[in-house]
Amino acid sequence: MPTKRQLLKAAALLAVTPGLPLRAAAESNVSGEAKKPESQLAGIQPISVAERQARVARAQELMQKSGIDAIVLEPGAAMLYFTGIRWWRSERLTCVVIPRRGELAVVTPFFEEPSVRESMTFGEDVRTWNEHESPFERVAGVMKDRGFKSGVIGLEASVRWFVADGIRGALPAFRLESADPVTRGCRMIKSPAELALMKKANEITLAAYGKVYEQLRPGMTPADVNGLMREAQTALGGQGVWTMALFGEASAYPHGTDQPQQIREGQIVLMDCGCSVEGYQSDISRTFVYGEPSKKQRKVWQLVREGQDVAFAAAKLGAPAGSVDDAVRAFYLKNGFGPDYRLPGLSHRTGHGIGMEGHEPVNFVRGENTKLVPGMCFSNEPGLYLPGEFGVRLEDCLYMTEDGPAWFTVPPESIAKPLGRLA
């Protein structure tokens, strides 16, 4: 079964009567016929060419400060972020070189040039190589033409070994270092346009939860529920949809298990799902109970919900990101869970950075000293897991503003009203 890592307004939610037990809500639509949701992408604004050009200029400023003469990006989130180029990785290198001064350049196979140019949003310098030639010599040519004879080349974190090795061989007078001071320095702080796209992605995922919640039935398997959630998010306009559904004891495993599962009376249904809009991600987890919750399920669910509030309150401007995780663990310890990462308790970090990738630096995790500043975005997911019994995870993403944290989606009110709403 795929895991979360492998997959990398409230109207829709009001379709379920507030406070109605999950079994009753499902049985109220016994025909199983659900109205197909309509796309919610109308009016969205993609990232502009001007914003991408400003990102490159910012990267060049950070290169000056960091002593890096150029950065190299392979296809993926970073290339899309800076250039708008949507491409894929193969054994044939396509890369972007952003020098400390001058125009960026694209290196790509000769036969791919027309398609690469279609994907480009700005820039004209495309350097091609044929099958018998080395793409790394083209990278060396970019550096020579920009006036660099020696120095430092920064590699984006996901650049593959054969690329690093090839660049090293073609540019022996250059030292290779991490491009993190540049790429992270740009991508960690989201612009208003980026936040708007993330809000839309979260809106789609939350609305999809409302649709799927109505359709849950006894005997459904994780594959059944995942299929419903994929269909709903896609119909609403989500791209790159991913889903995870865990029932009963399986919910105590944060990223799942291959053990057979079916929805049964009184059972936990834990879902962790998301999608992207114009490359920007959502990530929302919800925990339901099919039928009437037990006293223990109610208690643990409520503690997790309070844990979200503890994390939100601790996310203060200027505070180290790790202090958010510390606050949640102290709260759980007072309530008999833990200590630290021990089970029963919270075995994973309280949250992760999010943006164009589902998991980005920095994280709400012990020891993370990066200070919280406006524009940072995080998941808030302080789950509790009881091996052999069940787990509860509620996850909503937040972003830092000049006034402190703000929700993309507001967490659910109670186990009887478990969907939440848009901020």
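Residues numbered from 1 in each chain as written. Predicted model: local features only at pLDDT ≥ 70, side-chain atom pairs only at ≥ 80, totals over all residues. Heavy atoms only, no water.

### Topic: the sheet that holds strand β1 (residues 70-73)
The criterion, for reference: The rule for pairing is simple: two strands pair if DSSP sees at least two bridges between them. Note on conventions: DSSP H or I runs of at least 4 residues are helices, E runs of at least 2 residues are strands, and numbering of each starts at the N terminus. An axis is simply a line fitted to the C-alpha atoms; with a helix, the fit covers only the stretch in contact. Between two such axes, the angle follows the N-to-C directions and lies from 0 to 180 degrees. The contact criterion used is simple: two residues touch if any of their non-hydrogen atoms lie within 4.5 Å.
Strand order in this open sheet of 6 strands is β4-β3-β2-β1-β5-β6, and the pairing throughout is mixed. Only two strands of the sheet have a single partner each, and these edge strands are β4 (126-129) and β6 (174-178). The mean inter-strand angle of the sheet, taken between neighbouring strand axes irrespective of direction, is 25°. Relative to β6, strand β5 (residues 151-155) runs parallel, the two being bridged by 5 bridges. The residue bridging Gly151 from the neighbouring strand is Phe174, located in β6. Of the strands in this sheet, β1, β2 (95-99), β3 (105-109), β4, β5 and β6 are in contact with helix α5 (residues 135-145), which crosses β4 at around 150°.

### Topic: the packing of α5 against helix α6 (residues 161-170)
Relative orientation and spacing of two packed helices are given, respectively, by the angle between their axes and the distance between those axes. Rules: By the definition adopted for this analysis, an angle is roughly parallel if under 35 degrees, roughly antiparallel if over 145, roughly perpendicular if from 65 to 115, and oblique otherwise. Note on convention: near helix rotated counterclockwise from far helix by under a right angle means a left-handed crossing. Clockwise means right-handed. Classes in brief: Ala, Val, Leu, Ile, Met, Phe, Trp, Tyr, Cys and Pro nonpolar; Asp, Glu, Lys and Arg charged; the others, Gly included, polar.
Running from amino to carboxyl end, α5 crosses α6 at an angle of 55°, the nearest separation of the two axes being 9 Å. Taken together, the axes of α5 and α6 are oblique relative to one another. Where α5 crosses over α6, the two elements pack in a sense that is right-handed. Of the residues in α6, those touching α5 at Phe136, Glu137 and Ala140 are Phe162, Val163, Gly166, Ile167 and Ala170. In the contact of α5 with α6, the residues fall into 6 nonpolar, 1 polar and 1 charged.

### Some words on the state of the cysteines
Formally: A pair of sulfur atoms, both from cysteines and within 2.5 Å, is called a disulfide here. Think of it in three bands: residues with accessible area under 20% of the maximum for their type are buried, residues over 50% are exposed, and the middle band is partly exposed, with areas taken using a 1.4 Å probe on protein chains only.
One pass over the structure, following the stated rule, counts 0 disulfides. Here Cys275 is not cross-linked by a disulfide; its sulfur's nearest cysteine counterpart is in Cys273, at 9.9 Å. Free cysteine: Cys397, not disulfide-bonded; nearest cysteine sulfur from Cys377 at 8.1 Å. For Cys397, a relative accessible area of 1% translates into the label buried.

### Some points on α5
Stated precisely, the cut-off is as follows: Pairing of N or O atoms within 3.5 Å defines a polar contact, subject to two protein rules: one partner must be a possible hydrogen donor and the other a possible acceptor, and residues neighboring in sequence count only if both atoms are side-chain atoms.
Looking only at α5, the buried set comprises Pro135, Phe136, Val139, Ala140, Gly141, Val142 and Met143. Where α5 begins, the side chain of Ser134 points an oxygen toward the backbone nitrogen of Phe136, at a separation of 3.1 Å. Of the residues trailing α5, Gly147 is marked for its positive phi of about 90°.

### Quick notes on unusual backbone geometry
Looking along the chain, the bond that leaves Leu343 and enters Pro344 is cis, with omega of -5°. Structurally, Pro344 can be placed in the loop between α11 (322-334) and β12 (351-353). Here the residue pair Pro361 and Val362 is connected by a cis peptide bond, since its omega of 0° sits within 30 degrees of zero. Turning to its location among the elements, Val362 is positioned in strand β13 (residues 360-364). The backbone of Glu278 sits at a positive phi, close to 50°, despite the residue not being glycine. Tracing the sequence through the fold places Glu278 in the loop between β9 (267-277) and β10 (280-281). Residue classification places Glu278 among the partly exposed residues on the basis of a relative accessible area of 24%. Even without being a glycine, Asp340 presents a positive backbone phi close to 55°. Position of Asp340 relative to the elements: it lies in the loop between α11 and β12. Using a relative accessible area of 36% as the deciding quantity, one classes Asp340 as partly exposed.

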